[in-house]
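As a plain string of letters, each chain reads:
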Amino acid sequence: MNDVIPENSPSAASRPRPVIGVSLKLYFGLARTRAWLAEVAALDATPPYPDVAERVARSVARGEHERAVLICGTGIGMAIAANKVPGIRAAQIPDSYSAERARKSNDAQIACFGNRTMGVEAALVCLQHWLVSDFAGGGSAPKVEKIKAVESRNLRAA
């Protein structure tokens, strides 16, 4: 499994992408971000955000990446689209507490940020909280299992 986090952004997210890229390089080191940088470069054509969200979410669902970061105008559309991929838990991250809880309580593999709703510095603080947080299990584990069961039942019903 590759632990590099791909960050894929449509045009609404062009401002924070370079800054988040530098932050991820500092966090993971250059060698571990090369695949991520190639992924970002391949998306400079700016496809519609649902296409980007699906592509990234599928890469996480297949185990090619442990986690991912998605950015659009609000982060909401990316989260909705990514959550349509079976096995994915994407969360729109508005603040540092939510970033931490998205990982610790909900085991979210994808963090979605809003370029038009959050400043770059705030996004970096939230990103750091999300990166250093791991799923805590405990009382949250049965809830995450229930989320998976809801998904499974509805996949069969669709």
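One can find the structure itself at the top, above this paragraph.
Since the model is a prediction, treat every value here as computed from it, not as a measurement.

Chemist: Sorry, what's going on with the overall build of the chain here?
Modeler: A tally of helices and strands in the chain yields 7 helices and 4 strands. Reading the helices (α) and strands (β) of the chain from amino to carboxyl end gives β-α-α-α-β-α-β-α-β-α-α. Across the 158 residues of the chain, 45% fall into the buried class. Within the structure as shown, the chain displays about 7900 Å² of accessible surface, and the carbon and sulfur contribution to it stands at 56%.

Chemist: What exactly am I supposed to notice about the side chain of Ser-105 here?
Modeler: Note on placement: Ser-105 falls in the loop between helix H5 (96-104) and strand S4 (110-114). A polar atom in the side chain of Ser-105 sits 2.7 Å from the side chain of Arg-101.

Chemist: Looking at this model, I keep getting lost on the state of the cysteines. Mind explaining?
Modeler: Should the sulfur atoms of two cysteines be covalently bonded, the bond is a disulfide. On inspection of all chains with the given rule, the structure shows 0 disulfides. With no disulfide of its own, Cys-72 lies closest to Cys-112 among cysteine sulfurs, the gap being 7.1 Å.

Chemist: Before we go on, may I ask you to explain the pattern of salt bridges in this structure?
Modeler: Per the counting criterion, the structure on display carries 8 salt bridges. Here Asp-107 ties to Arg-89 by a salt bridge, and the two come within 3.1 Å at their closest N and O atoms. Placement of Asp-107 in the loop between H5 and S4 and of Arg-89 in the loop between helix H4 (76-82) and strand S3 (90-92) is noted, with a sequence separation of 18 residues between them. Judged by its relative accessible area of 18%, Asp-107 is buried. Across the salt bridge formed by Arg-101 and Glu-100, the nearest N and O atoms sit 3.6 Å from each other. Judged by relative accessible area, which is 25%, Arg-101 ranks as partly exposed. Judged by relative accessible area, which is 21%, Glu-100 ranks as partly exposed. Within the structure, one salt-bridge network assembled from shared partners comprises Arg-89, Arg-103, Asp-107 and Asp-134.

Chemist: Can you walk me through the nonpolar core in this structure?
Modeler: Looking at soluble globular proteins, one finds that nonpolar side chains tend to be buried together. Counting residues in hydrophobic clusters, the biggest one holds 17 residues, and the most contacted among them are Leu-70, Met-78, Ala-82, Ile-88, Ala-90, Ile-110 and Cys-112. It is helix H3 (residues 49-61) that provides the largest number of residues to this core, a total of 5 residues. In this view, Cys-112 contacts Leu-70, Gly-75, Met-78, Ala-79, Ala-90, Ala-91, Gln-92 and Ile-93; residues no more than four positions away in its chain are not counted. By size, the runner-up hydrophobic cluster in this structure holds 15 residues, among which are Ile-71, Ala-91, Ile-93 and Ala-99.

Procedures and definitions
- Residues numbered from 1 in each chain as written.
- Predicted model: local features only at pLDDT ≥ 70, side-chain atom pairs only at ≥ 80, totals over all residues.
- Heavy atoms only, no water.
- Helix = DSSP H or I, 4+ residues; strand = E, 2+ residues; numbered from the N terminus.
- Buried < 20%, exposed > 50% of the residue type's maximum accessible area, 1.4 Å probe, protein only.
- Areas by Shrake-Rupley, 256 points an atom, 1.4 Å probe, with all protein chains shown as cover.
- Polar contact = N/O pair within 3.5 Å; in protein donor to acceptor, adjacent residues only side chain to side chain.
- Disulfide = S-S within 2.5 Å.
- Salt bridge = Lys/Arg side-chain N within 4 Å of Asp/Glu carboxyl O.
- Core = buried A, V, L, I, M, F, W, Y, C linked by side-chain atoms within 4.5 Å.
- Contact = heavy atoms within 4.5 Å.

Shape descriptors only; they carry no functional weight alone.
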